[in-house]
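Fold and geometry: a report
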Amino acid sequence: MQGDEETDLRNNDESKDFFVAEAAAGRLEGDASAFCGRPFLSFGDMWDVLAPDIDDRIARYLQLAKLCGNFRAAGSGASACYLDYPECGALVGVRMAAVDNGENAELETVYPVFVGYPARADIVARYDWDNGLCGFVSVSVPEGPSLDFFVPSYGMSRGLCVPGSRVGIAVSGLAIKLGKITSHFIILERL
């Protein structure tokens, strides 16, 4: 049960308007009502916690990274690639997305990739970020919950994230914001 201070984002008119506009712009495909509110379009301050000196590390990571895939960014069609550091075997890795701007590749974004729990999921909806590198999917897991999540290799795996398809996923998470749970008591009376 939700507290008075919480809002069900699925029924929020602002979210509905957002998804209608995004579907019309071609960035959303599938059942928009499956998303629990507007997709979170920021990595927040996670690097302040995970690796405060990430800016200093990026040059070294790029030199040691392994190319894990080339693709055409959705929307712009620009040539792009993902690079991973370390190559494998780490509990937490770094995935970097770069776009070829004509003369050389330009680093666009860097985000953590965690070892995940394997599962099968049915894609219900997908949402493309403007940059064509990042995106979100909403899935239903057989005998499990519905989930919305960021896909670290979305640009490269977008063709697999088609609404109505079943895919293998690895689920991991990073809490961007934590808050104290409020207790609510309900008294049931027999009529």
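The structure contained in this document is the topic of the report that follows.

Cut-off values and rules
- Residues numbered from 1 in each chain as written.
- Predicted model: local features only at pLDDT ≥ 70, side-chain atom pairs only at ≥ 80, totals over all residues.
- Heavy atoms only, no water.
- Pairing = 2+ DSSP bridges.
- Helix = DSSP H or I, 4+ residues; strand = E, 2+ residues; numbered from the N terminus.
- Axes fitted to C-alpha atoms, helices over the stretch in contact; angles between N-to-C directions.
- Patch = residues over 30% accessible without salt bridge, like charges linked within 9 Å, V, L, I, M, F, W, Y side chains within 5 Å.
- Areas by Shrake-Rupley, 256 points an atom, 1.4 Å probe, with all protein chains shown as cover.
- Salt bridge = Lys/Arg side-chain N within 4 Å of Asp/Glu carboxyl O.
- Buried < 20%, exposed > 50% of the residue type's maximum accessible area, 1.4 Å probe, protein only.
- Polar contact = N/O pair within 3.5 Å; in protein donor to acceptor, adjacent residues only side chain to side chain.
- Contact = heavy atoms within 4.5 Å.
- 1 Å grid on protein atoms, 1.4 Å probe; cavity = no way out; pocket = protein on both sides within 12 Å on 5 of 7 lines; lining within 4 Å.
- Points joined across faces, edges and corners; volume = space filled by probe spheres on them.
- Nonpolar A, V, L, I, M, F, W, Y, C, P; charged D, E, K, R; others polar.

We now examine the sheet that holds strand β4 (residues 92-100). Overall, antiparallel pairing links the 4 strands, which are arranged β2-β3-β4-β5 in an open sheet. Of all strands in the sheet, those bounded by a partner on one side alone are β2 (66-72) and β5 (105-114). Direction aside, neighbouring strands of the sheet carry axes that sit 20° apart on average. Inspection of the sheet shows β4 paired to β5 by 9 bridges, in the antiparallel sense. Bridge pairing in β5 places Val-99 opposite Glu-106.

On to a nonpolar patch on the surface, then. On the surface, Phe-40, Val-49, Leu-50, Leu-174 and Ile-176 cluster together into a nonpolar patch covering about 450 Å² of accessible area. The residue Ile-176 is located in the segment after β9 (166-171) in this model.

Attention now goes to the side chain of Ser-153. By secondary structure assignment, the location of Ser-153 is in the loop between β8 (146-150) and α4 (154-157). Its relative accessible area of 15% is what places Ser-153 among the buried residues. Reaching out from Ser-153, the side chain makes a polar contact with the side chain of Arg-95 at a distance of 2.6 Å. Sequence-distant contacts of Ser-153, that is, excluding residues within four places in its chain, are made with Tyr-82, Arg-95 and Tyr-111.

Bringing the layout of surface pockets into the picture now. Here the largest pocket defines a volume of roughly 1100 Å³. Residue lining of the largest pocket: 39 residues in total, with Phe-149, Phe-150, Val-151, Pro-152 and Ser-172 positioned closest to the centre. Looking at side-chain class alone, the lining of the largest pocket contains 28 nonpolar, 7 polar and 4 charged residues.

Glancing now at the side chain of Ser-138. Assignment of secondary structure puts Ser-138 in strand β7 (residues 135-140). There is a polar contact of 3.0 Å between the side chain of Ser-138 and the side chain of Asp-148.

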